[in-house]
Amino acid sequence: MSKTEAPAIEGWFTMDRERPHLLGTRCKSCQNVFFPKETSYCRNPACNGTDFDEIELSRTGRLWSFTNNCYAPPEPFVADDPFEPYAIAAVELEAEKMVVMGQVTAGVSVEELEAGMEMELVLETLFEDDDNEFLVWKWRPTAAAA
Amino acid sequence: MAHEVAILGVGMHPWGKWGRNFVEYGVKAAQDALADAGVDWRDVQFVAGADTIRNGYPGHVAGATFAQALGWQGAQVASSYGACASGSQAIATARAQILAGLCDVALVVGADTTPKGFFAPSGGGDRSRDPDWLRFRLVGATNPVYFGLWARRRMELFGATEEDFARVKVKNSRHAVHNPNARFPKSFTLDEVLASPMVSDPLRLLQICATSDGGAALILTSMEYARKHTADPVTIPAVSNVTPKYPNQLIEMPNFATDSGAGLSVPDVPFRPSIAKYAYEQAGVGPEDMDLAEVYDLSSALELDWYEILGLCKEGEAEKLVRDGDTSVGGRIPVNTSGGLGAFGEAIPAQAIAQVCELTWQMRGEAGGRQVDGAKLGITANYGLFGHGSSVIVKK
Ligand SMILES: [Zn+2]
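The sections below set out a description of the structure shown in this document. (Residues numbered from 1 in each chain as written. Chains lettered and ligands numbered in written order. Predicted model: local features only at pLDDT ≥ 70, side-chain atom pairs only at ≥ 80, totals over all residues. Heavy atoms only, no water.)

1. Looking at the pairing of strand E2 (residues 23–27) of chain A
Put simply, side chains in a regular strand alternate between the two faces of the sheet.
Residues and elements named next belong to chain A.
No. 1: Most of E2 is tucked away: four of the five residues are buried.
No. 2: Examined bridge by bridge, E2 and strand E4 (residues 52–56) share five bridges and lie antiparallel to one another. Each bridged residue has a counterpart across the sheet, and for Arg-26 the counterpart in E4 is Asp-53.
No. 3: Here two bridges tie E2 to strand E3 (residues 33–34), and the two strands are oriented antiparallel to one another. (Buried < 20%, exposed > 50% of the residue type's maximum accessible area, 1.4 Å probe, protein only. Helix = DSSP H or I, 4+ residues; strand = E, 2+ residues; numbered from the N terminus. Pairing = 2+ DSSP bridges.)

Here it is in structure tokens:
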């Protein structure tokens, strides 16, 4: 019996396995964009906006910097046993002029990464329980998709 | 200068992994600072405590905890928490009280007992509204992950190498050998640093600061009070506790993303440089006037960022500074003469205070084998997650 796919956190990304997007908000007054979502008061000091639209962020960007975890992070991270090192990317979204961090898709090591390369958003399993597979956003080099 | 207060006494409890109650470390540091100042505890009018959050009910509410342990004597009290900037917030609070004429003698004290391993969010349970919990949960973004991102960025932008980062560690370890309060008073070679296990590429174990137990304290007084004790006191002419300006375009702990800069003009001075800028302006000095600096080397690579942030060199030139030995004791502008966090480890509420202790010993010529000849002006730099700047200028 296959497990149900569920987001590891509600409302942060679309559950589209093919072309997922991170979900942010845009202030209706000043058009500023927020990720994670800002829904109460606009954080632009020049704006008093309180109304926001939900928006999808760009699903590709340029690799700003990267690193990895050679050791398992502490809880509340749910680490596999044995732990497999994984890379982490900070990706610059051009339209939003914003850098967003995320894990790099499994199997892509830091040796395969280079600043400036195009990265795209994917969904992968973060952890599982008996019934569910909890998904999270990750970055993958666009060139690795083929 | 109009905004000076005197540092009449300094004291520290050695950093280590002692496993005792943090209050003991704070009391020891405070007693040393009192003895150093020649001030009786009962004459202290104000206690500014820097809080630990790792030991329950924020440092058992720090200022009062230390006041009780030293013996209740009715002093006014305040407590600060600003992550790694907690200590400089406590200094700022005490200084403001003195400058406002509300008291003449204040004790500033911070101490911590830390758990083993990585810092993780304190407290359990599902905290899906707390970014500090979520960054571990969703990305596994430990503190060294952020240090690694910043370090890799230096390599991409300026051609920094792993050897450059290792050189910082080697330099600081040579300073630490001469510091009795350092947790790791051991000199490392470049090969030893580069052979230590990779933690968050490109940073290795010996390039990332540990978590430590420790305590530090200052006796701050009005200039008038200080002159009754000493003709030429060391002083604090500036304290900076700035927050970022929107949009902050650098990814910082514990955030998942930077602010969006789309359609906005970015601040003239980004957050980190603004920490130093505010301190320099307040003291009416500039980076060219500095004799030494104590900076927040969470990683050896981050120390290089600070050279540029503090204006000790131009952007992209920090690697050359460490290669040329300019930031070693005996060089043009020694940095982290204490050994830095690399030799101490983080004892969060104490470390901004400890940086001021080091500069004070240097200004008095009491720094032994790590002494910078003729040190008269120095700056500390530090910052706490969630947007807490921290810098103190110390002057002879
Ligand atoms: Zn707005």
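2. A few points about the packing of helix H3 (residues 86–99) of chain B against helix H13 (residues 348–364) of chain B
All names here are of chain B.
No. 1: Between H3 and H13, the least distance of the axes is 5 Å, while the angle of their chain directions is 65°. Of the residues in H13, those touching H3 at Ser-86, Gly-87, Ser-88 and Ile-91 are Pro-349, Ala-352, Ile-353 and Val-356.
No. 2: Of the residues in the contact of H3 with H13, the class split is five nonpolar, three polar and no charged. (Axes fitted to C-alpha atoms, helices over the stretch in contact; angles between N-to-C directions. Contact = heavy atoms within 4.5 Å. Nonpolar A, V, L, I, M, F, W, Y, C, P; charged D, E, K, R; others polar.)

3. Some details on the sheet that holds strand E11 (residues 388–395) of chain B
Residue and element names in this part refer to chain B.
No. 1: If you walk across this open sheet you meet the nine strands as E3-E2-E4-E7-E1-E8-E11-E10-E9, and the pairing is mixed. The two strands at the open ends of the sheet, each matched to only one other strand, are strand E3 (76–80) and strand E9 (292–294). Along the sheet, successive strands turn relative to each other by an average axial angle of 25°, direction set aside.
No. 2: Relative to E11, strand E8 (residues 234–240) runs antiparallel, the two sharing four bridges. Across the sheet, Val-239 pairs through a bridge with Val-392, a residue of E11.

4. As for the environment of Asp191(B)
Residues and elements named next belong to chain B.
No. 1: By secondary structure assignment, the location of Asp-191 is in helix H7 (residues 190–195).
No. 2: The exposure class assigned to Asp-191 is exposed, which follows from its relative accessible area of 63%.
No. 3: The spacing of Asp-191 and Glu-163 is 28 residues in sequence and 9.1 Å in space, taken between C-alpha atoms.

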